[in-house]
Every structure is written in C-alpha cells, then in structure tokens.
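Chains, contacts and geometry: an overview
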Amino acid sequence: MNFPWGHQRRFNSYPDYMRKLFGSRVQKLTLDAGFTCPNRDGTKGVGGCTFCLNDAFNPSYCVSQKPVTRQIKEGISFHEKRYRRASKYLAYFQAFSNTHAPVEHLSELFNEALRVEGVVGLVIGTRPDCMDDKKLALLKELSERCYVVVEYGIESVYNKTLERVNRCHTFEDAAEAIRKTADKGIHVGGHVIFGLPGESRAEMLKSAEILSALPLNSIKFHQLQLFKGTAMEQEYKEKPGDFLLFSEDEYLGFMLEYIELLNPEFVVERIAGETPPRYAVMRPWGPRYDQILVKFEKLLEERNSWQGKRYGE
Ligand code: SF4
C-alpha cells in the first residue's frame, strides 16, 4: 500500500522527505551561536522553561565561544569519523532561541554558516515571540537561495500548561508566528512535548486536531524528559500526581493513536526524544531512538494503523 507521502512507511517520515528533497543523505550540524531566551534574560521572564536543560542536547563540538564556521567544520569532521559520509549539511541553530537578536546579527551568522562548503541550508530553532517582520524578510530572502526551516517551540496547545512551565508566550503567539512564516513561503517546523504537568492523555490527544489545522511542514514530538537540576525536577518531587510520565510501551500506544489523528501532510521528524542518562532524573527508556522507531513501525503494521487514518474525524 502506498500512502499519500509516496512510500510504504506508515508515517510521513523525515529522512524519506529529505532524501526526496536533496537526492542524498543530508546531515544536520548542531550549533550554539551564543543566544539566550526572552524568558531567561529578563525580556519577558527569568529562569527559562521549567523543563529546560540545553546542555543535555549539545554535542561536544558545539560550544558558543567558538565561531559558527569553526563549529560547522568541527561538526563535519565529528560526523565523518562516526557515520557514513554525507556531502550535504544543514546548519542547525539549535541552542536557545536563535532569532532572539537584532536582524543584522542574524544576517551575519546565517550568511557565515551558508558560506561553509557543503552547507546547503539552515534549520533555525526559536520561539514564536522571537520573530518579527524584519527577521521574516531576512529568512524569506535566504529561503529563496537555499533550504530554510524555522522550527518553533510550541510545546503545548494549552495556555494553562505554557504558563505553568514558564514559557512566557501563549499558544496563540505560536499559531500566529507559524502562519506568518508560512505565508512568506518559508518551511515551518513545530516541537511539542507530551507529559507536561497538568495535561491529561485526552487533552494531549486533542492537540492533534488543533495542531493539524496549522500550516506546518514538519513536526517533532518528545515525551517529557525530566532533567536533573531543573525547576521541573523539584515540581515533580512535590506533585508527582500532576505528571503523566509514559512508559515506553504506553507512549508508543499513545503515539499510534496520535498519529492517526494527525494531518498526513505533516512530515514527522521525531516521535520521541532520547535522554542522556547522566542528566536524567529517572532511568531513561532502554532502547536507542532507532530501535524505538522500529518498534513503533511494527506496532503500526500490526494494528493496520497509519498517519492520518482518522484525520478530520
Ligand atoms: S525557550 Fe527553549 S531554550 Fe529557552 S528556556 Fe525554553 S526550552 Fe529552553
């Protein structure tokens, strides 16, 4: 059976989409360009999101004191030593909010990244409240000469949750930024977390319908990961009953239901996150991400399930 995305996998998978787009393997290189966030630096708040521990995701070559060009070159040699060689790379501005700076500074950084040989595009992780018309004009101009995707942290569609985790923006802010970015013809990604405090399973499932109505190209899902030293670790100690922390099997069952409700046009970049054990409050799930994915695809097969099967019901 061929699905609307043109292959037999039961969801609209990111690696297949990228291969179709670029004709070969493309490697993302994670960068830390020295940004902060408006809910950390006092612009809107302090302390950051209560679940956030950026260090948990930064590879060793990715240090904000190093210029972007150097981080990219070190990233390329890091990946060459470990994995199959890719000839195309995406500069992934990942750490913190990568549009939280004047547009002139953003232009310098993004253009610097694009000058490195092999870099064919930009992935820019940011918050919905760190975008404006000038920044969108810059990104539109860049997107006319290379692949550009803006990944917005949505995290939840519920304002009660966003407030509780100290996001300092609303879901409406996210929806507006996504629409404005898509209107410029720029690829838009979204990031969502399942298991934030106070959200029920039914509320999380309901978010599939709400998100499906947004003009997103791609989406990433993570189960809530509790990191040592975060405000959320403390909150969990005080109110464990407020958290729905999925076991691996529960999560895959949930994701199966979720993905059936999800817009089939969305490219699914991830269905779960991996917690580096040294940062984890609780023992992380056993298998690596690729093994979780194999298990998930087997489950979709067994239950004759696929992305969008119940979309629009
Ligand atoms: S906006 Fe992103 S990087 Fe900033 S504190 Fe929240 S999760 Fe962390």
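Every chain begins its residue count from 1, and numbering advances along the sequence as written. Residue-level local features of this predicted model are given only where pLDDT is at least 70; pairs of side-chain atoms are given and counted only at 80 or more, and the full residue set underlies all totals for whole chains, interfaces and linings.

On to the overall build of the protein. Runs of E in the DSSP output that reach at least two residues are strands. Runs of H or I that reach at least four are helices, and both are numbered from the N terminus. Each helix and strand in the protein was counted, giving ten helices and seven strands. Only C-alpha atoms enter the radius of gyration, while the globule expectation follows 2.2 Å times N to the 0.38, with N the number of residues. Its C-alpha radius of gyration of 19 Å places the protein within 12% of the 20 Å reference for a compact globule of 313 residues. With respect to the principal axes defined by its C-alpha atoms, the protein has extents near 50 × 45 × 40 Å. Residues are defined as contacting one another if the C-beta atoms placed from their backbone atoms lie within 7 Å. Contacts in the protein between residues far apart in sequence, at least 24 positions, make up 83% of those at least 6 positions apart.

Moving on: the nonpolar core. Put simply, a nonpolar core is a cluster of buried Ala, Val, Leu, Ile, Met, Phe, Trp, Tyr and Cys residues tied together by C-beta atoms within 7 Å. Counting other C-beta atoms within 10 Å of a residue's own tells you its class, since 20 or more makes it buried, 12 or fewer makes it exposed, and anything in between is partly exposed; those C-beta atoms are placed from the backbone. Grouped together as the largest cluster of nonpolar side chains are 74 residues, with contacts concentrated most on Leu29, Leu31, Ala91, Phe93 and Leu122. In terms of residue count, helix H9 (residues 248–261) provides more of this core than any other element does, six residues in total. Not counting chain neighbours up to four residues away, the residues in contact with Leu29 comprise Ile72, Gly75, Ile76, Tyr89, Leu90, Ala91 and Tyr92.

With 14 residues, helix H10 (residues 289–302) should cover 20 Å at 1.5 Å per step; its first-to-last C-alpha distance of 20 Å lies within 8% of that length. Every buried residue belonging to H10 is among Ile292, Phe296 and Leu300, and all of these are buried. Buried residues of H10, viewed axially, fall in a sector of 80°; they line one side. Summarising the geometry of H10, the exposed residues directed more than 90 degrees from the buried face are Asp290, Gln291, Val294, Lys298, Glu301 and Glu302. Where H10 is buried, its residues touch H9. Residue Asn304 follows H10 closely and has a positive phi angle near 45°. In this scheme, a helix's expected span is set at 1.5 Å multiplied by one less than its residue total. The arc in question is traced by the directions running from the helix axis to the C-beta atoms.

Attention now goes to the pairing of strand E5 (residues 187–194). Counting buried positions along E5 yields six of eight residues, so the element is predominantly enclosed. Bridging between strand E4 (residues 147–155) and E5 involves six bridges; their strand directions are parallel. Looking at E5, one finds that Val150 is bridged to Val188. What makes two strands pair is DSSP finding at least two bridges between them. In this structure, E5 lies alongside strand E6 (residues 218–223), joined through six bridges in parallel fashion. Residue pairing in the sheet places Gly190 in a bridge with Ile219 of E6.

Next up on the list: unusual backbone geometry. Residues other than glycine seldom take positive phi values, yet Asn166 does so here, at roughly 65°. Relative to the helices and strands, Asn166 resides in the loop between helix H5 (159–164) and helix H6 (171–183). Note on Asn166: 19 C-beta atoms within 10 Å, which makes it partly exposed.

Let us now look at the environment of Leu300. Of note, Leu300 is situated in helix H10. Its 21 C-beta neighbours within 10 Å are what place Leu300 among the buried residues. Distance in space between the C-alpha atoms of Leu300 and Ile259 is 9.8 Å, their sequence separation being 41 residues. Leu300 has contacts with Arg10, Leu256, Ser305 and Trp306, leaving out every residue within four places of it along the chain.

With that settled, the discussion passes to H6. Taking 1.5 Å per residue as the helical rise, H6 with its 13 residues ought to reach 18 Å, and the 18 Å between its terminal C-alpha atoms agrees with that figure. Those residues of H6 that sit buried are Phe171, Ala174, Ala177, Ile178 and Thr181. Within H6, the buried residues cover an arc of 125° as seen down the axis, which keeps them to one side. Opposite the buried face of H6, at more than 90 degrees from it, the exposed residues are Glu172, Arg179 and Asp183. Two residues or fewer past H6, Gly185 is found with a positive phi of approximately 85°.

Turning to the packing of H9 against H10, a few remarks are in order. Between two packed helices, what matters for the description is the angle formed by their axes and the separation of those axes. An axis is simply a line fitted to the C-alpha atoms; with a helix, the fit covers only the stretch in contact. Between two such axes, the angle follows the N-to-C directions and lies from 0 to 180 degrees. Interhelical geometry of H9 versus H10 gives an angle of 50° and a closest axis separation of 10 Å. For the element pair H9 / H10, the angle class is oblique. Between H9 and H10 lies a crossing whose hand is right-handed. Listed contacts from H10 to Glu248, Leu252, Met255 and Leu256 of H9 are Ile292, Lys295, Phe296, Leu299 and Leu300. Here the residues of the contact of H9 with H10 sort into seven nonpolar, no polar and two charged. In these notes the angle categories are as follows: under 35 degrees is roughly parallel, over 145 is roughly antiparallel, 65 to 115 is roughly perpendicular, and the rest is oblique. Whether a crossing is left-handed or right-handed is set by the direction in which the near helix is turned from the far one by less than a right angle, anticlockwise for left-handed and clockwise for right-handed. Under this grouping Gly is polar, as are all residues other than the nonpolar Ala, Val, Leu, Ile, Met, Phe, Trp, Tyr, Cys and Pro and the charged Asp, Glu, Lys and Arg.

Now for the sheet that holds E5. Strand order across the open sheet formed by seven strands is E1-E2-E3-E4-E5-E6-E7, with parallel pairing between neighbours. Of all the strands in the sheet, the pair left with one neighbour each is strand E1 (26–31) and strand E7 (267–270). Strand after strand, the sheet turns through a mean of 25° between neighbouring axes, direction not considered. In terms of strand pairing, E1 meets strand E2 (residues 88–93) through six bridges, oriented parallel. Along E2, the bridge assignment pairs Lys28 with Leu90. Against the sheet, helix H1 (residues 14–22) contacts E1, E2, strand E3 (119–126), E6 and E7, and its axis sits at roughly 115° relative to E7.

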